[in-house]
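# A closer look at the structure
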Amino acid sequence: MLIVLSMAQQAHAVAADEPQRLHIERSTLEHVLMEITRLSGQPVSFASSLVKDRWAGPIDGTMTAADAARLALQNSGLALSVLPDGTLTVVAAGSAGTPDAQPRDIGALPPSEVHGVGDTGFAVLSSSAITRVEMPMTSMPHAINTVTRGLLASQQPPSLNAALAQAGVASVLADPTAPPLYAIRGYLTNTISVDGLPDKLASLRPVDALEEIDVIKGPNADVASVTMAGGAINASLKAPTAVAQRSIAMEISSHTGRKVVADLAGGFGGNGLSYRFVGLNDTTADSDAGYAGHRVSYVHAALGWNDSATSITAGIESLTSRQPLPPATFALGGAPARVPMQLPFGNVDDRVEGSGTRVYYTASRNLSDDWAIHSRASYESVREESAQWDLGSASSYNAMPNNTICGLRQTESHLWAMSNELTGSLSHNAVRHTFTLGWEEIQERQNLTKPGFIAQATQDPFAPVPLPAATFIPGNRLSQTLRQSIFRLRDHVSIGDRWEVSGSIRANNYVAVLPHTQLKGVVWTPAVGVLYKLTPSTAWFADYMRGFQINTGYFYDGTGMQPERSRQVETGLRWENAHHTLTAQAALYRIDAKNVSLADVSHPGYYTQLAEQTNQGVELSMQGTVVRGWEASLWLSASRMSARLPGGYVPGVPARNAALWTTYTMQSGVLAGSGMGLGISAQGRADAHGDVSFRVPGAVRVDSSLFWHRKRWRIDLFARNLFNVHTYGNTLSSSYIPILPGRTLALRLTHNF
């Protein structure tokens, strides 16, 4: 039956061909086309059977209804035809181009599924993060949480750590010179993927460059062949779009902060070429700890080309960063000591500097309506150097450190990765198979230059005095390489309208050449999952999966570490409302792992290992539109860990965590588009290990925002840590406990043109 979408009574009173600012989140193709009609007033007709099981979006920019519809139909095998009366009609790609083509009989309009113009897109309706094939969330047999583009734009998190907290990921700092670790379900990882490929720029790249972030729970997600115990993190870069999408944002903040962000996208004529440019410059004069401020410069440029069957994107990123040391304290008497915030332990110029370049491409080709091939590859070169004074270790539980050590380190990473996939589906009666066959090559080389000289000085942390500038003097250089060849096969089977079964197997052929040893082998990791749809909008899921991770670190005595092996059992429920604007998820899990790597804080640069670790817990999350104008993202978790280090210490992250970000936007009147946001983050206390045992206290922090969003511009005022609560970050060291920022203010003005 042909559906005609002509909701004139709900449409805006504008000419149908007038360019308009449209914001439509990713959803089913039918839903996106209905939104285009509702927001533009331009009728669109399509056969329901033609758009079934297809997805489209996101669509964001100033464009006509026809341009928006063409954007929605990209890579779908469908095209747009314009009838004599101006109606836009969706047809098979080979049938387009005749304006006088006559449509078939017109049927009745089904109930519309719409959300308002002020929708900020917190809800997540589909994802390809696990299977690499776009699938509805209600068909996913695994737990997954997504920080959407709308949520990132609303919250404007100052760092990746802050963004990931909204998906239940806790950041952990082992020492001020190393990138943060991320705790997923109690297991630590420093690996983040970008567009499905491993990435070393993640801790340096600004959040303004990202479209969304997926956190896949459990060890067997098809993201950069990551099979770590807790799960995987995958960020998506902003990509070229055919429709004009241009904005300039300027932000001022505490510590004389200045940030300028340019985000430009659009097409080149009608030949399928498009571009994306993101440029950022971010500086501050000083920091909370009294050090000199930070400086970040970032550029991302990409070109894209597509037709009805092919999509190709190639791009380059370049970044330079200078970060001061964050404020920190140490453990005294089993708890963090109160130290002067604005007096550095070392020199005011102590810093961590980094620079990197990344080039990449992605390509997809539809072989037929059901089969496609995908290829992507990237090369990265990242260099980091630290020069700062660190507090030494305390001699006992009630003793304070009385010396500082000039901590110096220089690292270089060169990473090449390639992934190729064949995806497709086969149907027989009520059974439909969706296949993913993948092959990946990952090669990484890391160079570590140790300092040729390490200085020490006496320092009173309660009354510190300035120390000489830390200077890096190169010493011995160590190198290691890692090569992985991964082959994987996944089959997702839909049986009727209610049952979904997923099974996958992967083989990892790896060789790690380390300074003192060599690791190699072939490891097979399986996973199975099942899902049952209790109703069309509610599903129960369960899964069992195994994981494997190579440990390339060393014990202090120079011996190598055994690879980590893990397994997870999980079950849960997933729900979305009838209008596809609100989603919820609950999961219960248990993860058992062996040979879990952990930083040896008594000997920086070396590692220790947990023979066994077990984590079990429950997670609850909700995202989307509660009522018209009210958006919310909520995360709750509680867990229990069983593991001990040789000294009897129990390492861990907080067992109870919560994160909320919610906004309300006025829908009418002179204040239409204005509103406020409220964020609450809370975590329980956490036991930590180190030279002495201590406990990081729990805390509750409140963030807020006021905003006014119009068609061409938006103003956001943020107050983070509104009540200036004294809170501490998660850590693994008794001599380095991060102090989180106090109250900070930021005013951001964005102009769309």
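Keep in mind that what you see is a predicted model, and the values were worked out from it rather than measured. (Residues numbered from 1 in each chain as written. Predicted model: local features only at pLDDT ≥ 70, side-chain atom pairs only at ≥ 80, totals over all residues. Heavy atoms only, no water.)

### What to know about the overall build of the protein
Looking only at helices and strands, one finds five helices and 48 strands in the protein. Within the protein, the fraction of its 753 residues that count as buried is 54%. Contacts in the protein between residues far apart in sequence, at least 24 positions, make up 67% of those at least 6 positions apart. (Helix = DSSP H or I, 4+ residues; strand = E, 2+ residues; numbered from the N terminus. Buried < 20%, exposed > 50% of the residue type's maximum accessible area, 1.4 Å probe, protein only. Contact = heavy atoms within 4.5 Å.)

### Let's talk about the side chain of Q166
Structurally, Q166 is set in the loop between helix 5 (160–165) and strand 12 (170–173). What makes Q166 buried here is its relative accessible area of 8%.

### Looking at helix 3 (residues 65–72)
Among the eight residues in helix 3, six count as buried, and that is most of the element. For helix 3, every residue scored as buried is listed here: A65, A66, A68, A69, L71 and A72.

### With respect to the sheet that holds strand 11 (residues 144–147)
In space, the five strands of this open sheet follow the order 11-17-18-15-16, with mixed pairing throughout. At either end of the open sheet lies a strand with only one pairing partner, and these are strand 11 and strand 16 (197–199). Strand-to-strand twist of the sheet, defined as the mean angle between neighbouring strand axes without regard to direction, takes the value 30 degrees. Relative to strand 16, strand 15 (residues 192–194) runs antiparallel, the two being bridged by three bridges. Residue pairing for strand 16: S193 is matched across the bridge by P198. (Pairing = 2+ DSSP bridges. Axes fitted to C-alpha atoms, helices over the stretch in contact; angles between N-to-C directions.)

### Looking at the pairing of strand 17 (residues 210–217)
By the criterion of burial, strand 17 is predominantly enclosed, with seven of the eight residues buried. Inspection of the sheet shows strand 11 paired to strand 17 by four bridges, in the antiparallel sense. Paired with N145 across the two strands is V215, which belongs to strand 17. With seven bridges connecting them, strand 17 and strand 18 (residues 231–237) associate as antiparallel partners. Within the sheet, the bridge partner assigned to L210 lies in strand 18 and is L237.

### A word on the pattern of salt bridges
Taken as a whole, this structure holds 27 salt bridges when the rule is applied. One salt bridge connects E440 with R488, and the closest N-O pair in it is separated by 2.6 Å. Note that E440 is positioned in strand 30 (residues 431–451) and R488 in strand 32 (residues 474–495), a separation of 48 residues in sequence. Classification of R488 as buried rests on a relative accessible area of 4%. (Salt bridge = Lys/Arg side-chain N within 4 Å of Asp/Glu carboxyl O.)

### Topic: the confidence of the model for the protein
Of all residues in the protein, 88% attain a pLDDT of 70 or more, and the chain-wide mean is 84. Low pLDDT (under 50) marks residues 1–16, which in the prediction has 52 contacts with non-local residues, meaning those over four places away or in another chain. Here residues 96–120 is modelled with pLDDT under 50, and outside its nearest four sequence neighbours on either side it reaches 60 contacts, counting other chains as well. (pLDDT = per-residue confidence, 0-100.)

### With respect to the packing of aromatic side chains
A ring pair, where both rings are aromatic, is described by two values, the distance of the centres and the angle of the planes. Across all of its chains, the model carries six aromatic pairs by this definition. Taken together, a centroid distance of 6.3 Å and an interplanar angle of 10 degrees make the contact between W371 and F435 stacked. Taken together, the residues W371 in strand 28 (residues 371–391) and F435 in strand 30 connect sequence positions 64 residues apart. Under the relative-accessibility criterion, W371 is labelled partly exposed at 26%. Overall, F435 belongs to the partly exposed group, its relative accessible area being 22%. Ring plane angle 40 degrees and centroid distance 5.3 Å describe the contact between Y510 and F548, whose orientation is recorded as tilted. Here the residue Y510 occupies a position in strand 33 (residues 499–513), and F548 occupies one in strand 35 (residues 538–549), the gap between them amounting to 38 residues. Each of the two residues, Y510 as well as F548, counts as buried. The ring of Y589 carries the charged tip of R185 above its face, separated from the ring centre by 4.1 Å. If you follow R574 out to its NZ or CZ, it ends over the ring of F541, 4.6 Å from the centre. (Phe/Tyr/Trp six-rings, centres within 6.5 Å; stacked < 30°, edge-to-face > 60°. Lys NZ or Arg CZ within 6 Å of the ring centre and 35° of its normal.)

### Overview of the sheet that holds strand 46 (residues 730–731)
Across the sheet, four strands lie side by side as 14-13-12-46; this open sheet has mixed pairing. The two strands at the open ends of the sheet, each matched to only one other strand, are strand 14 (187–189) and strand 46. The pairing of strand 13 (residues 181–184) with strand 14 spans three bridges and is antiparallel. Directly across from Y182, in strand 14, lies its bridge partner T189.

### Brief notes about the nonpolar core
Membership of the largest hydrophobic core comes to 35 residues, with the highest contact counts inside it found for L164, I213 and I233. If we skip the residues at most four places from it in the chain, I233 touches L164, V169, Y182, I184, I192, S193, I213 and D214. Residues A65, A72, L78 and V243 belong to the second largest nonpolar core, which totals 25 residues. (Core = buried A, V, L, I, M, F, W, Y, C linked by side-chain atoms within 4.5 Å.)

### As for the pairing of strand 28
Of all 21 residues making up strand 28, 15 are buried, and the element is well covered by its neighbours. Of the pairings in the sheet, the one linking strand 27 (residues 351–366) to strand 28 comprises 16 bridges and is antiparallel in character. Considered in strand 28, the bridge of E353 is made with E385. Turn length for the strand 27-strand 28 hairpin, with the two strands adjacent in sequence and antiparallel, is four residues.

### A few points about the environment of N551
As for its position among the elements, N551 is in the loop between strand 35 and strand 36 (564–576). Residues in contact with N551, not counting those within four places in the same chain, are L519, M561, Q562, P563, E564, N595, S597 and Q609. Within polar-contact distance, the side chain of N551 engages the backbone oxygen of Q562 at 2.8 Å. Within the structure, the side chain of N551 is placed 3.1 Å from the backbone oxygen of N595, a separation counted as a polar contact. (Polar contact = N/O pair within 3.5 Å; in protein donor to acceptor, adjacent residues only side chain to side chain.)

### What to know about the side chain of Q484
As for its placement among the helices and strands, Q484 is situated in strand 32. Of the residues examined, Q484 reaches a relative accessible area of 13% and is grouped as buried. In this structure Q484 touches E440, E441, I442, N508, N509, Y510 and I550, once residues within four positions along its chain are discounted.

### Focus on a nonpolar patch on the surface
Residues I248, M250, I252, V260, M676, L706, W708, I715, L717, L747, L749 and F753 make up a contiguous nonpolar surface patch of roughly 1,000 Å² in combined accessible area. Those elements that provide at least two residues to the nonpolar patch are strand 19 (245–253), strand 44 (699–709), strand 45 (713–720) and strand 48 (744–752). The leading source of residues in the nonpolar patch is strand 19, at three residues. You can see I715 is positioned in strand 45. A residue is classified by how much of its surface remains accessible, and I715, at 32% relative accessible area, is partly exposed. (Patch = residues over 30% accessible without salt bridge, like charges linked within 9 Å, V, L, I, M, F, W, Y side chains within 5 Å. Areas by Shrake-Rupley, 256 points an atom, 1.4 Å probe, with all protein chains shown as cover.)

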